[in-house]
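A closer look at the structure
Each chain, written out:
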Amino acid sequence: MSARTVRTRLLAASTVALAALALTACDNGKGVRDEGPSAASQSSAQPGGSTTAKPAADNGASTGGSAATPTKGSTKGSANGSSGKTGGGKATGGGTGTGGTGGTRNAACNGANTRTTATEVSRPLNHLLLTVTNTGSKNCDLTGYPIARFGEAQSVPPVAEQTHPQAVVTLAPGESGYAGVLLSAGDGSGGNGYTAKTLVVGFAKGATSTPALPAKGVYVDDKLTVTYWQQSLDDALSY
């Protein structure tokens with residue numbers, strides 16, 4: 001057998017062996033069979049695909065949900081807070097109503113905590129001056145006008161409304177308040193006159209007082225009139 005024949009046979013054997021090996025690889029479904037692009041290749045080749053988009057969508061939904069909840073809570077909290085403040089304002093209004101009740105600020109001046117004197121004056125004519133002095137240790141309010149009963153009179157004189165003071169007359173300890181008394185008409189036009197030798201002075205509240213009159217008494221008629229209690233002597237004698 002020649003050397004050429006041997007090489008030819010060896011080449012043929014090698015070819016057969018390679019063919020058999022290739023067939024074996026194809027039959028077991030592994031190796032060099034073309035299965036198309038791999039999953040990893042598809043993922044890398046599609047960067048804008050569903051794998052990347054889904055996390056973005058999830059984050060957006062979570063963010064939206066979180067933002068919505070605090071917003072509702074804040075709105076409700078603000079509404080409740082406003083309601084609370086409004087209620088407080090109404091309560092303050094009630095306090096103001098209580099403070100606006102009227103009445104005197106101090107104890108009333110009367111015969112128990114004051115001393116009353118009656119003095120006949122030369123001017124104005126036919127006038128008597130009543131002076132009330134606070135003998136207590138605290139302020140007192142001298143309200144209204146003297147309820148003056150002269151002698152055995154069954155009635156008390158009216159008050160001159162135009163003498164009503166602008167404010168309550170308050171007397172500190174030792175201070176005095178005043179009222180004027182028109183005893184009779186200066187021109188003699190009054191009627192039913194008589195001479196009174198006693199006087200009882202009543203107050204808006206509390207005990208009465210009995211100031212002494214001049215020894216000869218005072219002449220009064222149906223023009224008898226008193227003023228409201230005043231802070232000053234001049235105001236009391238201006239009527």
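Look above for the structure.
This text gives an overview of the structure that appears in the document. (Residues numbered from 1 in each chain as written. Predicted model: local features only at pLDDT ≥ 70, side-chain atom pairs only at ≥ 80, totals over all residues. Heavy atoms only, no water.)

The helix and strand tally for the protein chain stands at four helices and eleven strands. Expressed as a percentage of its 239 residues, the buried residues of the protein chain come to 26%. A separation threshold of at least 6 residues defines the contact pool for the protein chain, and within that pool the share at least 24 residues apart is 77%. Here the protein chain has roughly 15300 Å² of accessible surface; of this, 56% comes from carbon and sulfur atoms. (Helix = DSSP H or I, 4+ residues; strand = E, 2+ residues; numbered from the N terminus. Buried < 20%, exposed > 50% of the residue type's maximum accessible area, 1.4 Å probe, protein only. Contact = heavy atoms within 4.5 Å. Areas by Shrake-Rupley, 256 points an atom, 1.4 Å probe, with all protein chains shown as cover.)

Once that is clear, we can look at the state of the cysteines. Applying the stated rule across the entire model yields one disulfide. The disulfide that involves C109 links it to C140, with 2.0 Å between the sulfurs. The chirality of the disulfide connecting C109 with C140 is right-handed, given an S-S dihedral of about 90°. Pair noted here: C109 is in the loop between β1 (107-108) and β2 (114-121) and C140 is in strand β4 (residues 140-142), with a separation of 31 residues, a long-range link. For the pair shown, C109 and C140 are each scored as buried. (Disulfide = S-S within 2.5 Å.)

The subject of this paragraph is the pattern of salt bridges. Summed over the entire model, instances satisfying the criterion amount to one salt bridge. A salt bridge links E120 to K216, with the nearest nitrogen and oxygen atoms 3.5 Å apart. Of this pair, E120 sits in strand β2 while K216 sits in the loop between β9 (199-202) and β10 (218-220), and the two are 96 residues apart along the sequence. A residue is classified by how much of its surface remains accessible, and E120, at 37% relative accessible area, is partly exposed. Taking relative accessible area as the criterion, K216 reaches 57% and is therefore assigned exposed. (Salt bridge = Lys/Arg side-chain N within 4 Å of Asp/Glu carboxyl O.)

One finds L128, L130, F150 and L199 to be the most contacted residues of the largest nonpolar core, which totals 26 residues. Among the elements of the structure, β3 (127-134), β4, β5 (147-150), β6 (169-171), β7 (176-182), β9 and β10 are those that each provide at least two residues to this core. By residue number, the principal contributor to this core is β3, which donates three residues. Discounting residues that sit within four places of it in the chain, L128 has contacts with A118, T119, E120, F150, A179, G180, V181, L183, L199, L213 and V218. (Core = buried A, V, L, I, M, F, W, Y, C linked by side-chain atoms within 4.5 Å.)

A separate point is the packing of aromatic side chains. A complete count under the given rule lists two aromatic pairs for this structure. Aromatic pair Y145 and Y228: ring centres 5.5 Å apart, planes at 90°, arrangement edge-to-face. Of this pair, Y145 sits in the loop between β4 and β5 while Y228 is found in the loop between β11 (225-226) and α4 (233-236), placing the two residues 83 residues apart along the sequence. Classification of Y228 by relative accessible area gives buried; the value is 9%. (Phe/Tyr/Trp six-rings, centres within 6.5 Å; stacked < 30°, edge-to-face > 60°.)

A surface patch of nonpolar side chains, about 210 Å² in accessible area, is lined by Y145, I147 and V156. With respect to the helices, strands and loops of the structure, I147 is situated in strand β5. (Patch = residues over 30% accessible without salt bridge, like charges linked within 9 Å, V, L, I, M, F, W, Y side chains within 5 Å.)

Hydrogen bonds along the backbone pair up the strands of a sheet, which may run parallel or antiparallel. The three strands are arranged β1-β4-β6 in an open sheet whose pairing can be described as mixed. Two strands close off the open sheet at either side, each with one partner strand: β1 and β6. Strand direction decides the pairing type here: β4 and β6, joined by three bridges, are antiparallel. Bridged to L142 within β6 is V169. (Pairing = 2+ DSSP bridges.)

In this section: the sheet that holds β3. The strand order across the open sheet built from four strands is β2-β3-β7-β11, with neighbouring strands paired in antiparallel fashion. Lying at the two open borders of the sheet, with one neighbouring strand each, are β2 and β11. With seven bridges joining them, β3 and β7 adopt antiparallel strand pairing. Each residue of the ladder has a partner; that of T131, found in β7, is Y178.

Turning our attention to the side chain of T225. Assignment of secondary structure puts T225 in strand β11. Here the side chain of T225 touches K223 through a polar contact of 2.9 Å, landing on its backbone oxygen. In this structure T225 touches P157, P158, V159, A160, G180, V181, L182 and Y239, once residues within four positions along its chain are discounted. (Polar contact = N/O pair within 3.5 Å; in protein donor to acceptor, adjacent residues only side chain to side chain.)

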